[in-house]
Every structure is written in structure tokens, then in C-alpha cells.
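The chain contents come next:
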Amino acid sequence: MEIEHKIIGSTRIMGIIGNPVEHSISPQLHNTISKHLGIDAVYVPFKVEKQDLENATKGMRALNAVGFNVTVPYKKDVMKYIDENSKEALLMGAVNTVKCFEGRLFGYNTDADGFARSFKEETGVGFSGKTIAVIGAGGAARAIVVKLAMEGAKKIYIINRTVSKAVELAEIVNNNMGKIAFYCGDRESGSEFVDFEAYTDSDIIINTTSIGMHPNVDESPVPENIRLKSSQIVYDVIYNPDKTKLLKQAEENGCKCVNGLGMLFYQGITAYEIWTGVRLKEDFLTELYKNFQGILTK
Ligand code: ATR
């Protein structure tokens, strides 16, 4: 009989709290990193019911976990059980990463970091001084829009089916970071800009909605009559399919295109770095990303 020694007396917990969590690829990602670095931790998925969120969160502290991720539907609700949420997470209204340190819980949002890191990695372009159109005004849009504002975007257009949500998101940015965000809608709604103007004026177009996600692969958030320009970069947070209808439209017009796989990957990498204080090396990340793509496209 072989003695199992991967989990030993000193092993600490990492994990993910959410519901559902069965589909999560985070355990594979984080356990691979721990194995590679020789870090004595194990990452476990925890399916938590709504009424147990407080106990589960405080339980992670009680169990001396290293840290944990929080996913749908608890990214907002978890914040009230955290001792100290980062300024970014407060503005984004969501926490997806918690670090347990000296008996206290610290909340962060690495979704937006993941987005920014993957965007820069794949395009070589940053957000400072850029005019950017963001489609959607939900949780993902809020994290991304706040990040764009923090990184010096010149102007952000917010385009959303429900215009009132775009108005609210623009206000969050404008009240906290200077007047750079504009909602789009019909002139009758009081909007300064219509969608068409946002699309044609922007250097970067970002889809944060689920439009075009499997199985609705024939849908695109950008109308066919909008002619994208080859100088524009188009980012879609969707990674299934890996090339959405929007990215196909963009590619046909010669735009640089990026899907959301890198965002998913780097939100996890940034979380791991926050928990452990280790900065993962570029060559390791490149190899890990290749393998990670393999897992997701199976
Ligand atoms: P997430 O956390 O992924 O951002 P969310 O907070 O539910 O999810 O936000 C979903 C976003 O996608 C919203 O902006 C939503 O538009 P509404 O505010 O009008 O609901 C947008 N969205 C989702 N499905 C859509 C569809 N079929 N057409 C247009 N917008 C859609």
C-alpha cells in the first residue's frame, strides 16, 4: 500500500464559495500552481446555500484558510462579512477574492485585474487616454468600467439594453472618478450620445454581456450595420465559443480581437498572487495558459 502524502498535517485550504460551483475550473488551476511552486495548500470547491453564506465565510477564517474565491451569486453579498474590502472592490460593488491574514478577512476584486492584465498581454495596449465603448451595465461591466476609469481612460461610453442601468453605472464613475462616463440611448431619453456614435468614436469596444454566448452563437451585441474600423480593438468577455459572432464581425473588418479566456485565467492568477505574495513567472504562466486553454476547449 502506498501512503498518500499530498495532503498532510500542515496543509492549508484555498477554495471557492458559490452556487453552482461544479463547473469551476479554478481547483485545477490553483492546485496545479501549488504543485508547481511546492506550496502546501489544497483548493476545494464549496457549494454554499444563501442562508449559509455568513457561516461559510467566517468558517474559512476559523479554519485558517489561506484565502478563497467567491463566485456567482455571492460576489456582492459576501462583502458585508469581510473585515476590509479594497477601495477598488467597494467601487466595483463586488468581491471575488478573499485573503485570510492574521485572523482578518480582506476582500479584493481580481476580475477587473484579470481583464486588464489579459487585455494588455494580448494587445500590448493600455487604457490611458483611450475612448472606450462598454456594452452592458451589469456586474462584469461595473468592474471593467471602474478599472478603465482607474487606469486613465479618457472617455467611456456605456451601452445597455436597460438604459437606466447604464445611467446608474455612469454616475458611479462620474461621482467618484471625474466626469468621463456617458450612457447611450435615444435622444428622447436625454442621452447625449446614441449607440452608433459610441461605436464609431471608440478606440476599444468591450462586450460584457452574455449576447453571443453558447448556445446563442448567432447573436451579436453590435448591429451588423455598424462598420467597425481596423484601428479598433474589440474585446469580448465570452470565451465559449472562443470566437463569438462579434469577434468574427470585428475580424472581418481587420480589428484586433480578444476573447475572455485570458480574463478568466488572470483573475485566478492574481488571486493566487494575493494569497501567497508570490509573483508567478512569465514562462510558467505561458505554459500554464496553454494547458488551461486545453482544459477549457475539451
Ligand atoms: P454579469 O455579472 O455577467 O455582468 P448581470 O449583472 O446579470 O451579469 O448583467 C448582464 C448584462 O448583460 C446586463 O447589462 C444585461 O442587460 P440589462 O441590464 O438590460 O438586463 C445584458 N444582457 C444580457 N442578456 C442580454 C440580451 N439578450 N440583450 C441585451 N442585453 C443583455
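Residues numbered from 1 in each chain as written. Predicted model: local features only at pLDDT ≥ 70, side-chain atom pairs only at ≥ 80, totals over all residues. Heavy atoms only, no water.

Caption draft 1: Structural detail: the overall build of the chain. Looking only at helices and strands, the chain has 10 helices and 12 strands in total. In terms of overall dimensions, the chain is globule-like: its C-alpha atoms have a radius of gyration of 20 Å, near the 19 Å expected for 298 residues. Taking the principal axes of its C-alpha atoms as reference, the chain extends roughly 70 × 35 × 35 Å. Considering only residue pairs separated by 6 or more positions, the chain has 68% of its internal contacts joining residues 24 or more positions apart. Carbon together with sulfur atoms contributes 51% to the accessible area of the chain, which is approximately 14700 Å² in total. Within the chain, the 37 negative side-chain charges are centred at a point lying 2 Å from the centre of the 34 positive side-chain charges. (Helix = DSSP H or I, 4+ residues; strand = E, 2+ residues; numbered from the N terminus. Rg over C-alpha atoms; globule rule 2.2 N^0.38 Å. Contact = heavy atoms within 4.5 Å. Areas by Shrake-Rupley, 256 points an atom, 1.4 Å probe, with all protein chains shown as cover. Lys, Arg positive; Asp, Glu negative; His and termini not counted. Charge placed at Lys NZ, Arg CZ, Asp CG, Glu CD.)

Caption draft 2: Quick look at the environment of F182. Considering the arrangement of structural elements, one finds F182 in strand β9 (residues 181–183). Separated by 26 residues in sequence, F182 and I156 have C-alpha atoms that sit 6.2 Å apart. In contact with F182, other than residues within four places in its own chain, are K155, I156, Y157, I158, A170, E192 and F193.

Caption draft 3: Representation of the packing of aromatic side chains. What the rule picks out here adds up to 13 aromatic pairs. Between F115 and Y235, the aromatic rings sit 4.9 Å apart at their centres with planes inclined by 80 degrees, giving edge-to-face as the arrangement. Here Y235 lies in strand β11 (residues 233–236) and F115 lies in helix α4 (residues 111–123), a separation of 120 residues in the sequence. The burial state of F115 is the same as that of Y235; both residues are buried. Feature note: the residues F115, F119, F127 and Y235 constitute an aromatic cluster, connected by ring pairs. Sitting above the plane of the F182 ring, K155 keeps its charged end 5.3 Å from the centroid. (Phe/Tyr/Trp six-rings, centres within 6.5 Å; stacked < 30°, edge-to-face > 60°. Buried < 20%, exposed > 50% of the residue type's maximum accessible area, 1.4 Å probe, protein only. Lys NZ or Arg CZ within 6 Å of the ring centre and 35° of its normal.)

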